[in-house]
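Overview (structure and organization)
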Amino acid sequence: MHFLPKKQGLKGVVQTLTQFLGWSVLNTDTYDKMNKLENRKDIAQEMLMHHLKCTPQELQSILKTNEKLNKNVDDCEQKEMMKILKEELPDPAALELYEFHFSDLPVSEHELIKSGIRLFVELNALDKFKVPAEVMTKWMYTVRKGYRDITYHNWRHGFNVGQTMFTLLMTGKLKKYYSDLEAFAMVAAAFCHDIDHRGTNNLYQMKSAAPLAKLHGSSILERHHLEFSKTLLEDESLNIFQNLNKRQFENVIHLFEVAIIATDLALYFKKRTMFQKIVDAAEQMKSEEEVIKYIITDQTKKEIIMAMMMTGCDLSAITKPWEVQSKVALMVANEFWEQGDLERTVLQQQPIPMMDRNKAEELPKLQVGFIDFVCTFVYKEFSRFHKEITPMFDGLQNNRVQWKTQADVYDEKMKALEEQQKKHENDVGAKKADGEAGGEDNGPSKSKTCTVL
Ligand SMILES: [Zn+2]
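Residues numbered from 1 in each chain as written. Predicted model: local features only at pLDDT ≥ 70, side-chain atom pairs only at ≥ 80, totals over all residues. Heavy atoms only, no water.

Looking at an unreviewed UniProt entry, the protein chain carries the name Phosphodiesterase, with the source organism given as Engystomops pustulosus.

Structure (C-alpha cells):
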C-alpha cells in the first residue's frame, strides 16, 4: 500500500508520520532533551581534556625551552625545539630499546615518556610527517596520563606494547611490508591500546552492567581504548597526525581501529588460521622479493599480520627473561585477584580459579596452560615467518620450563598431601575396626591425629 508520495525523502516521511501520529509537540521536547544531553557530553569532555592534557609545566619537564633558551614554547622555532628535544631523549642502545628482551623495570615512568618519543625519532616520523616537537611531546605525555595507576594495565604495559611493536618492525624486520606512515600509526596505536583500562576485563564490565558495556556490544574495553585515542587526536594541540592530508589521516584512523580492536583476545582465535596460511605461503616462496610482493599487494594480508603483531606485543611479557616474566606475571595475577575480590564483594559471585587469590598456588600451572594454548602459536609462527623474531620464541620456551618446574613441585606437594590424607583415613579406619572388635573407645586417639594434621 502506497500512502506516501514516491519522491518524498526520509525527512518528508518523518514529518508525515509525526503529523499523522500527533508527535510534533513530543518531538520538539525530545529534540530539546537530546540537545541538552549533547551539550552536557561536550562539557564533560572539555573538563576531562582540561585535566588530562599535558600541562605547560609537564611539557617543560621534557621540552626544556625555558631552561635552555629562556623562551616559551610558542616563541621557539621548530628547529630549536627539535634540537632541545633530541638532547633530552634517552640513548636507544643504553636502554636496549631495539631489543626483544627490553625491560621497563629499571626505567622511571617519566623516562618512559621520553623513550616513547625516542622511538618515533628513530622511525624518522617527526621529520617525515612534520610533527611539531611540542605536539609530539604533549601527545606522548597525555597518553601516559590517560593510563590509570592500576596493578598491571598501566602506562608501563602501554609503553611495553609500543616498544615491542617498534622492535618487531625494526629488529624483527616486519617493517618491509609497511609504509613509513603505517609504521608510525602502528607504534602510536600500540602505545594507546589499553588507555584508561580499569583493571577489570570485558566480562566484568558486562556482569557489573557498566555503562561501557551498555555502549559497546562487543570488544567493550578495546572500543573504549580506541574512542579515547581518537578523542585525543581531535584536539589539534595533541594531533600528531595534523600535517597529513585527509586520505592519509583516514588511513591512520583505520589502522588504529584494526590494531586496537585486535587486542581483544576473543578475536585472536579467529585470525589464527588466516595468519598461518600467510606464513605457510611465504615459506614456500623462493625469494624475499616474492614474499614482499605477495603481502604488500593485499591490504587484508597486511592487516592480518598487523593484528597478529598487536597480539604478539600485548602478550610479550611472557617472552621476557625469567627475572622480568616472573615479576610481571605476578602483577597480572594480582590484577586478576583484585577483580576476583570485586566479583565476590560486588557481584556476590565465586571467581574462576585464575581470579581467585585463594588458588594463588595454581599460578604456575595456569601459566603453562596459557603458554600452550595461547602464546606458543603466536611466537612460533612469527619465528617461522621471520627468523629475526626467534628470541621471543626462545624466551617463551625458557619461561615454560620455569613455570613447569614450579607446577611440578606444586603437583608433588599436593600428591604427597593426598597420600598422607589417604593413609590417615586408612589408619583411622583400621583403628576404628580394631576398637569396634575390642569394644574400646577410640575417640581421643582420633582427635590427636587430627590435631597433628
Ligand atoms: Zn594490553
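After presenting the structure, the write-up continues.
Moving on: the overall build of the protein chain. A tally of regular secondary structure across the protein chain gives 22 helices and zero strands. Here the protein chain, with 453 residues, has 45% of them falling under the buried criterion. For the protein chain, the accessible area works out to roughly 24400 Å², and carbon and sulfur atoms hold 55% of it. (Helix = DSSP H or I, 4+ residues; strand = E, 2+ residues; numbered from the N terminus. Buried < 20%, exposed > 50% of the residue type's maximum accessible area, 1.4 Å probe, protein only. Areas by Shrake-Rupley, 256 points an atom, 1.4 Å probe, with all protein chains shown as cover.)

Another point: helix H5 (residues 78–88). Considered for burial, the residues of H5 that qualify are Met81, Met82, Ile84, Leu85 and Glu88. Buried residues along H5 cover an arc of 165 degrees about the axis, so they all sit on one side. In H5, the exposed positions that point more than 90 degrees away from the buried face belong to Lys79 and Lys83. Residues of H5 that are buried in the fold lie against helix H4 (65–69), helix H7 (109–122), helix H8 (125–128) and helix H9 (133–146). (Arc of directions from axis to C-beta. Contact = heavy atoms within 4.5 Å.)

All right, on to the environment of Arg344 then. Turning to its location among the elements, Arg344 is positioned in helix H19 (residues 322–345). Separated by twelve residues in sequence, Arg344 and Asp356 have C-alpha atoms that sit 9.5 Å apart. When residues no more than four places from it in sequence are discounted, the contact partners of Arg344 are Gln349, Gln350, Pro351, Asp356 and Asn358.

Below, the discussion takes up the UniProt feature "binding site: Zn(2+) 2" (unreviewed entry) in the protein chain. Per the UniProt record, "binding site: Zn(2+) 2" (unreviewed entry) is found at Asp194. By the element assignment, Asp194 lies in the loop between helix H11 (180–192) and helix H12 (202–207). Every residue in contact with Asp194, bar those within four places of it in the chain, is listed here: Tyr147, His153, His157, His225 and Asp314. At 2.9 Å, the side chain of Asp194 and the side chain of His193 are in polar contact. (UniProt positions renumbered as here; feature names shortened; annotations may be inferred. Polar contact = N/O pair within 3.5 Å; in protein donor to acceptor, adjacent residues only side chain to side chain.)

Turning to the coordination of the zinc ion, a few remarks are in order. Protein-derived ligands of the zinc ion are His157 (NE2), His193 (NE2), Asp194 (OD) and Asp314 (OD), with the metal-ligand distances lying across 2.0 to 2.2 Å. Geometry at the zinc ion is irregular, judged from its four donor atoms and the angles of 86 to 179 degrees they form at the metal. Mapped onto the polypeptide sequence, the residues donating to the zinc ion form the spacing pattern H-x35-H-D-x119-D. Of this pair, Asp194 sits in the loop between H11 and H12 while Asp314 sits in helix H18 (residues 299–314); the two residues are 120 residues apart in sequence, bridging distant segments of the chain. (Donors = N, O, S within 2.8 Å, 3.2 Å for Na, K, Ca; no water. Tetrahedral: all angles 85-135°; square planar, octahedral: opposite > 155°, others 65-115°.)

Turning our attention to the environment of Tyr152. Tracing the backbone through its elements, the reader meets Tyr152 in the loop between H9 and helix H10 (155–170). Distance in space between the C-alpha atoms of Tyr152 and Ala333 is 8.7 Å, their sequence separation being 181 residues. If near-sequence neighbours (up to four positions away) are discounted, Tyr152 is found in contact with His157, Asp314, Ala317, Val328, Met331, Val332 and Glu335.

Once that is clear, we can look at helix H14 (residues 220–234). In a regular helix each residue adds 1.5 Å, so 15 residues correspond to 21 Å; H14 covers 21 Å between its end C-alpha atoms and thus fits that length. Taken across its 15 residues, H14 has twelve buried, putting it largely inside the fold. Burial in H14 covers these residues: Ile220, Leu221, Glu222, His224, His225, Leu226, Phe228, Ser229, Lys230, Thr231, Leu232 and Leu233. (Expected span 1.5 Å × (residues − 1).)

Take the pattern of salt bridges next. Evaluated as defined, the whole model comprises 41 salt bridges. When the shortest N-O distance is used, the salt bridge between Lys128 and Asp180 registers 2.8 Å. Remark: Asp180 occurs in helix H11 and Lys128 occurs in helix H8; sequence separation between them is 52 residues. Of the residues examined, Asp180 reaches a relative accessible area of 31% and is grouped as partly exposed. Close ionic contact of Asp298 with Lys301 constitutes a salt bridge, the shortest N to O distance being 3.0 Å. (Salt bridge = Lys/Arg side-chain N within 4 Å of Asp/Glu carboxyl O.)

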